[in-house]
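Chain by chain, the residues run as shown.
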Amino acid sequence: MKILVTGGLGFIGSHTVVELQNEGFEVLVVDNLSNSSEKVLDGIFNITGKKPAFEKIDLRDKSSVQKLFQTHQNISGVIHFAASKAVGESVENPLLYYENNINTLVYLLQELKELPNANFIFSSSCTVYGQAEKMPITENASVQPAISPYGNTKQIGEEIISDVAKVTKLNAILLRYFNPIGAHPSTEIGELPLGIPQNLIPYITQTAIGLREQLSIYGNDYQTPDGTAIRDYIHVVDLAKAHVIALQRLLNNRNVEKVEVFNLGTGTGSSVLEVVNAFEKVSGQKLNYKIVGRREGDVVEAYANTDYANTVLGWKAQSTLEEALDSAWKWEQKIRS
Ligand code: NAD
Ligand code: WQD
């Protein structure tokens, strides 16, 4: 069965391609390499013994998207990762984000809705909940006004998919990721942030390896036990596996709604200081850090209620925070060696 994976050479996409191939799916990867490299194909090959088919296509080019579906008429499902994801950049350049995250989605859906198997999985984000009132966050928590254009593209994306599903054959699963971290235990694939990392874990590993001088911890005056902000850090391999299960649900017509929403997290919140301490423990490295002011737009805490994914998908995150941090550290050491 052929599955189209957009953004399949990126961080989460590449790990998902591995899990799909491990389960026997034939994968077609489309990526414009704006935030990845063709070398990721070698990493996938080294893990699975198979290179997925790859087409370098920019999904912002509508005619290329049309041609893609004309050339490959036997696509059974689409997992759509391709997007721009830097929150700060989206504030600076909102149109880049609306074009790359919305136009691409529209072009894909225009083709997909014509297919006999219009199965679609969308990478959404816990950012849609903003600062939720109650922890842990269930899928029923209200979607809050977006904090950034990036977050808005995820909310609008969800709405577009729901509108299209109402009037077409489209069946979709919206996966709201919490904070994906880590790398494949083989160290063949992992996260490759361009420039100065905005996210906590790559900043930590780059500081530990000596690429950055010091980690700035954004605020220790939050209403949390140690004053630092709380997130739900999920190992990327666990996250990748959830995509395969969600896809199987769609392919076997087991979805009860045309559009279903699942939180993907571990269900456990960890503070920034807890992450730093856990990293120091698994790496044996003392981390140079200082406390600075809060980062604009940050929520105090966000962690998932995963009951719905656990019971309905039959999926549960397996890795601990320590295992995820260990894999991130091994990956950092490998790419700098
Ligand atoms: P990533 O940047 O590593 O991967 C995205 C991939 O899409 C890259 O390989 C990039 O080259 C490709 N791409 C971007 N625009 C494209 C275009 N126009 N045409 C073709 N390819 C294009 O990001 P990721 O962390 O793997 O995130 C994957 C998805 O998950 C994104 O939609 C992101 O918004 C979402 N998400 C990520 C996180 C996170 O923290 N990483 C959290 C929640 C949701
Ligand atoms: C985690 C915690 C920071 C860096 C972002 C997006 C979200 C989603 C995941 C895509 C926060 C603190 C961070 C640093 C720090 N992406 N921190 N020093 O902000 O939860 O979510 O990525 O959908 O939409 O907003 O993740 O890794 O940036 O931060 O103290 O140098 O670490 O303040 O509390 P975040 P993050």
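Note: the structure precedes this text.
Parameters at a glance
Residues numbered from 1 in each chain as written. Chains lettered and ligands numbered in written order. Predicted model: local features only at pLDDT ≥ 70, side-chain atom pairs only at ≥ 80, totals over all residues. Heavy atoms only, no water. Near = heavy atom within 4 Å. Polar contact = N/O pair within 3.5 Å; in protein donor to acceptor, adjacent residues only side chain to side chain. Helix = DSSP H or I, 4+ residues; strand = E, 2+ residues; numbered from the N terminus. Nonpolar A, V, L, I, M, F, W, Y, C, P; charged D, E, K, R; others polar. Salt bridge = Lys/Arg side-chain N within 4 Å of Asp/Glu carboxyl O. Buried < 20%, exposed > 50% of the residue type's maximum accessible area, 1.4 Å probe, protein only. Contact = heavy atoms within 4.5 Å. Pairing = 2+ DSSP bridges. Axes fitted to C-alpha atoms, helices over the stretch in contact; angles between N-to-C directions.

Draft legend 1. How the structure looks around the site of ligand 2. The environment of ligand 2 is made up of 19 residues, and the closest members are Tyr150, Leu200, Ser216, Arg231 and Asp298. At 2.8 Å from an oxygen atom of ligand 2 is found a main-chain nitrogen or oxygen belonging to Leu200. With respect to ligand 2, the backbone of Tyr218 contributes an N or O atom lying 2.9 Å from an oxygen atom. The element best represented in the shell around ligand 2 is strand S8 (residues 215-218), accounting for four residues. Looking at the shell around ligand 2 residue by residue, the classes come out as ten nonpolar, six polar and three charged.

Draft legend 2. Quick peek at the pattern of salt bridges. Counting across every chain of the model gives 13 salt bridges. Taking the shortest distance from any N to any O, the salt bridge between Lys113 and Glu114 comes out at 2.7 Å. With a shortest N-O distance of 3.0 Å, Arg294 and Asp221 are connected by a salt bridge. Remark: Asp221 occurs in the loop between S8 and strand S9 (230-231) and Arg294 occurs in the loop between strand S13 (289-292) and helix H10 (307-313); sequence separation between them is 73 residues. For Arg294, a relative accessible area of 47% puts it in the partly exposed group. For Asp221, a relative accessible area of 49% corresponds to the partly exposed category.

Draft legend 3. Region of the structure containing the environment of Leu115. Summarising the element assignment, Leu115 is placed in the loop between helix H5 (94-112) and strand S5 (119-125). Taking relative accessible area as the criterion, Leu115 reaches 11% and is therefore assigned buried. For the pair Leu115 and Gly77, spaced 38 residues apart in sequence, the C-alpha separation works out to 9.6 Å. Non-local contacts of Leu115, meaning those with residues more than four positions away in its chain, are made with Phe69, Ile75 and Lys169.

Draft legend 4. Main features of the sheet that holds strand S4 (residues 75-80). Taken together, the seven strands give an open sheet; going across it, the order is S3-S2-S1-S4-S5-S6-S11, and neighbouring strands pair in parallel fashion. The outermost strands of the open sheet, each flanked by one partner alone, are strand S3 (53-56) and strand S11 (259-264). Within the sheet, the average angular offset between the axes of one strand and its neighbour, ignoring direction, is 20°. Taken together, the six bridges between strand S6 (residues 171-177) and S11 define a ladder with parallel strand orientation. Within S11, the residue paired with Ala172 across the bridge is Val259. Against the sheet, helix H1 (residues 11-22) touches strand S1 (2-6), strand S2 (26-31), S4 and S6, its axis set at about 165° to S2.

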